[in-house]
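# Geometric and topological summary
Letter by letter, the chains look like this.
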Amino acid sequence: MFWVLFLLLAWAVAGTACTRLCLAAVRAAAVDADTQGHDLTLYEAAFLSGGPGRVADLTMVSMARQRRLLLAHTGWATVVDPLARDDIERSVIGAIGPEGQNRIAPVRAAAASADAVGSLGDRLVSAGLAVPDGRGGIASGIRQVQFAASAVAALGAAALLLPAQSTMPRGLMALWFALPLALTLSCLAIARIEVHPYSRWASPAGQRLLGTLARHAAGGDDRTYLTTVAVRGVRAIGEPDLRAALTHRDQP
C-alpha cells in the first residue's frame, strides 16, 4: 500500500501550492491602491517591470545618453560628470568608485542593492503597486503550482512502477493520481485566464499603471526612449555599442 502514501503526498503538495496561489490572488485583489492621478516615474516603471536591476540599467542608460557616463562595449563604465542629479545616480557614481572607472557588472549589482533603490521599492510596496521583495505574489504562486503539477506526475509514475502490492488495478490507481494533477492544472488554467500576465515585481494595480504608461508613450523623444528601456529592459536599447556594454559578460 505504499502507493497510498505517494497519493497522500501528492494531495498535500497540490493542495498546499494551490492554496498559496489562491491566497496570493485574494491578497492582490484586496489591495486598494489609489492609482488615480498617479503618474509613474521612469524609476518606478523600471522597478515594477524588472526590479532593482532594471532601475540600475535605466540609470546608466540615461546618464550615458546625456554624456555624463561612458559605457564601453568591453564592459567598462567611466564617469564623465561626477555631479549626480538624484540619489540613484549618486549610487551609480559611488558604485563606480573614486577612480571614476569600474566594470559595469559590479556597478550594476552595487547600484541595484543601494539604499536609494530599496527605498523606491518600499514606497511602491506601501502604495500597493509592487510585490514585497518579488516574493509571495501571484508569479511565485504560479511557479509553486507548476512545481506541484510536476511533483504529482512524478509521484504517480513512481507509484505505478512499484511492484504490485495490492489488488488495486493500475488504471484505477492512475485515476486517483489524476485527481490532484487535475487540481493543479485547473488552477493554472484559471490563473492564466484571470490574472495573466504574471509579474514578479508589480502588483495588479502596478501592472495596470504600466499598461497605461506603455499606451501613452508615443513619439521619438528621449523620455519615450527611456520609458521603453524601463519597461522592456536593455534589449530595447537601439545603440548596438550601448546594448553590448550592458549585456557584456566577463570571460572566465
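In what follows, the structure referred to is the one given above.
Figured I'd write up the structure that's included with this text. All values reported here derive from a predicted model rather than from experimental measurement. (Residues numbered from 1 in each chain as written. Predicted model: local features only at pLDDT ≥ 70, side-chain atom pairs only at ≥ 80, totals over all residues. Heavy atoms only, no water.)

Within the protein chain, the secondary structure is distributed over 10 helices and three strands. Element order for the protein chain, N to C, with α for helix and β for strand: α-α-β-β-α-β-α-α-α-α-α-α-α. Buried positions account for 42% of the 252 residues belonging to the protein chain. Within the protein chain, contacts between residues separated by at least 24 positions form 71% of all contacts whose residues are at least 6 apart in sequence. Carbon and sulfur atoms make up 60% of the accessible area of the protein chain, which totals about 13,700 Å². (Helix = DSSP H or I, 4+ residues; strand = E, 2+ residues; numbered from the N terminus. Buried < 20%, exposed > 50% of the residue type's maximum accessible area, 1.4 Å probe, protein only. Contact = heavy atoms within 4.5 Å. Areas by Shrake-Rupley, 256 points an atom, 1.4 Å probe, with all protein chains shown as cover.)

The buried fraction of helix α3 (residues 87–96) amounts to seven of the 10 residues, a majority that puts the element mostly inside the structure. Each element contacted by the buried residues of α3 is listed here: α2 (42–65), β1 (69–71), β2 (76–79), β3 (101–103), α4 (104–112) and α5 (115–126). Of the residues that open α3, the one with a side-chain oxygen 3.1 Å from the backbone nitrogen of Ile88 is Asp86. One or two residues past the end of α3 sits Gly97, with phi positive at roughly 105°. (Polar contact = N/O pair within 3.5 Å; in protein donor to acceptor, adjacent residues only side chain to side chain.)

With respect to the helices, strands and loops of the structure, Glu99 is situated in the loop between α3 and β3. On the basis of relative accessible area, Glu99 is assigned to the exposed category, the value being 75%. Sequence separation between Glu99 and Val79 is 20 residues; the distance between their C-alpha atoms is 8.8 Å.

Burial along β2 is one-sided: the residues Ala77 and Val79 are buried and none of Trp76 and Thr78 is. In this sheet, β3 lies alongside β2 in antiparallel orientation, the contact comprising three bridges. Paired with Trp76 across the strands is Arg103, a residue of β3. (Pairing = 2+ DSSP bridges.)

Another aspect to go through is the sheet that holds β1. The three strands are arranged β1-β2-β3 in an open sheet whose pairing can be described as antiparallel. Across the chains shown, the open sheet's two edge strands, defined by having one partner strand only, are β1 and β3. Mean inter-strand twist for the sheet, computed between neighbouring axes without regard to direction, equals 20°. (Axes fitted to C-alpha atoms, helices over the stretch in contact; angles between N-to-C directions.)

For residues that are not glycine, phi is negative in most cases, and the peptide bond is trans in most cases. Positioned with a positive phi, Arg67 is a non-glycine residue whose angle comes to about 60°. Take Arg67: it is sitting in the loop between α2 and β1.

Attention now goes to the pattern of salt bridges. The tally for this structure, following the rule as stated, stands at five salt bridges. Where Arg90 meets Asp87, a salt bridge forms, and the shortest distance between an N and an O atom there is 2.5 Å. Within this pair, Arg90 and its partner Asp87 are both found in helix α3, separated by three residues, close to a single helical turn. Look at the salt bridges and you will find they share partners, linking Arg65, Asp222 and Glu239 into a network. (Salt bridge = Lys/Arg side-chain N within 4 Å of Asp/Glu carboxyl O.)

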